[in-house]
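Tertiary structure, described
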Amino acid sequence: MKNIISTIGKTLMALALPLACLSVTSCAENEFNGYEGESSVYFQLDPNKWEYVGDSINFSFVGKKSDEATVNLQVNLMGNPADHDRVVRIHVDDAKTTAKVGTHYEALQNEYTLKAGEMQVNIPVKVKNTDPALNDKSVQIAVALEETSEFALKFTNRCNARILVSNMVVKPSYWDDYYLEFYLGNPFSKKLVEIMLELIGRTLPDDPKDFDYSYWQNFAKILHVYLSDNYPVYDENGNLMY
């Protein structure tokens, strides 16, 4: 019996060795040596979630202490970083833009530098709250990437970005994706924003990369104590807040 087991063991070892060698050779042949193909650029409007494909950022001046702010549009590189600076070209799509230069935002450049060794660059858009009409409506700044000799536009659904500017209570673009109704225990409402300003003097950030889960989880606790102490509290839609 021992001889039979020994013979089987030796046979299995003999079969395993060439398979192991084949596996090592195969891995070596398929070793990843970097991205192959044409470099491309695309908008990444939620830096925390690569899979986010939304094309807009809602920016409201409600709760802000200044009438000027900067909204960054992040542009990512699909490809290998270069050992030299490269140029990313953009333009404002006048046909889709309702905001006015000088009144609602400062004019943008047409070229921005993706520095050597970097994988992303921010397009800073300076927005303004000098128009009283923003209390009742939002205006839109539409920005589009341009194809160049160095960069293709392979992600066709991520080549355009919009910034919606207002001085109204606006639900953040990431509210649903971040399940904030679950975290805060209430649907988004003007009343919820008013309570935020009353309790902590701030509202949810407009840029998702500035969102801090732990901070807002702590706020949720403060909110629930407030709502319990002041029960019942209703939002503007008649919903009881918990």
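Residues numbered from 1 in each chain as written. Predicted model: local features only at pLDDT ≥ 70, side-chain atom pairs only at ≥ 80, totals over all residues. Heavy atoms only, no water.

Observations regarding the overall build of the chain
Applicable threshold: A run of DSSP states H or I qualifies as a helix once it reaches four residues; a run of E qualifies as a strand once it reaches two. Both are numbered from the N-terminal end. Under the scheme applied here, a residue whose accessible area is under 20% of the maximum for its type counts as buried, over 50% as exposed, and between as partly exposed, the area being computed with a 1.4 Å probe on protein chains only. In this description, contact between two residues means that some pair of their heavy atoms is separated by no more than 4.5 Å. Per-residue accessibility takes into account occlusion by the displayed protein chains alone, with areas from the Shrake-Rupley method and a 1.4 Å probe.
Scanning the chain for helices and strands turns up 4 helices and 8 strands. In the chain, which comprises 242 residues, the share counted as buried stands at 38%. For the chain, restricting intrachain contacts to residue pairs at least 6 apart in sequence, the fraction spanning at least 24 positions comes to 72%. Total accessible area on the chain stands at roughly 14,100 Å², and carbon and sulfur atoms take up 52% of it.

A closer look at the packing of aromatic side chains
What counts, and what does not: Stacked, tilted and edge-to-face are the three classes applied to pairs of Phe, Tyr and Trp rings, where Trp contributes its six-membered ring and a pair requires centres within 6.5 Å; stacked means planes under 30 degrees apart, edge-to-face means over 60, and tilted covers the rest. Only when the NZ atom of a Lys or the CZ atom of an Arg is both within 6 Å of the ring centre and within 35 degrees of the ring normal do we say a charge sits over the ring.
Tallying each qualifying case throughout the model produces 14 aromatic pairs. A ring pair is formed by Tyr183 and Tyr213, whose centres lie 5.3 Å apart and whose planes are at 50°; its orientation type is tilted. Here Tyr213 lies in helix 4 (residues 213-229) and Tyr183 lies in helix 2 (residues 180-184), a separation of 30 residues in the sequence. Members of the aromatic cluster, joined through ring pairs, are Tyr174, Tyr178, Phe182, Tyr183, Phe211 and Tyr213. Across the ring face of Phe59, the terminal group of Lys64 is positioned such that the distance to the ring centre comes to 5.0 Å. Looking at Arg158, its charged tip hangs above the ring of Trp50, at a distance of 5.1 Å from the centre.

Structural notes on the side chain of Asp235
The cut-off we apply is this: When charges are counted, Lys and Arg contribute as positive and Asp and Glu as negative, whereas His and the chain ends are disregarded. Within this document, salt bridges are pairs made up of a side-chain nitrogen of Lys or Arg and a carboxyl oxygen of Asp or Glu, the two lying within 4 Å of each other. For the purposes of these results, a polar contact is taken to be a pair of N or O atoms within 3.5 Å, where, inside protein, one atom must be able to donate a hydrogen and its partner to accept one; residues adjacent in sequence count only when each atom of the pair is a side-chain atom.
One can find Asp235 in the segment after helix 4. One buried charge, Asp235, has no salt-bridge partner; the nearest side chain with opposite charge is Lys191, at 9.8 Å. Engagement of the side chain of Asp235 in a polar contact is seen with the backbone nitrogen of Asn237, the distance being 2.8 Å. Among the polar contacts made by the side chain of Asp235, one reaches the main-chain amide nitrogen of Asn239 at a distance of 2.9 Å. Aside from chain neighbours lying at most four places away, what touches Asp235 is Pro187, Ser189, Lys191 and Met241.

Observations regarding the sheet that holds strand 8 (residues 160-166)
Note: strands within a sheet are paired through backbone hydrogen bonds, in either parallel or antiparallel orientation. Note the cut-off: Pairing between strands is defined by DSSP: at least two bridges between the two strands are required. What counts as an axis is a line fitted to C-alpha atoms, over the stretch in contact for a helix, and the angles between N-to-C directions run from 0 to 180 degrees.
The 5 strands lie next to each other as 2-8-7-4-5, forming an open sheet whose pairing is mixed. Single-partner strands in this sheet number two, and they are strand 2 (56-60) and strand 5 (111-114). Sheet twist, expressed as the average angle between the axes of neighbouring strands with direction ignored, equals 25°. Pairing geometry for strand 2 and strand 8, over 5 bridges, is parallel. Counted as the bridge partner of Ile57 is Ile163 from strand 8.

Notes on the pattern of salt bridges
If the charged atoms of two oppositely charged side chains come close together, the side chains can form a pair. Inspection of every chain in the model, using the stated rule, returns 7 salt bridges. Residues Arg89 and Glu111 are paired through a salt bridge, measuring 2.7 Å at the closest nitrogen-oxygen approach. Here Glu111 lies in strand 5 and Arg89 lies in strand 4 (residues 86-92), a separation of 22 residues in the sequence. Note that Arg89 is salt-bridged to Glu146, the shortest N-O span being 3.1 Å. Residue Arg89 is found in strand 4, and its partner Glu146 is found in the loop between strand 7 (139-145) and strand 8; the two are separated by 57 residues along the sequence. Classification of Arg89 as partly exposed rests on a relative accessible area of 27%.

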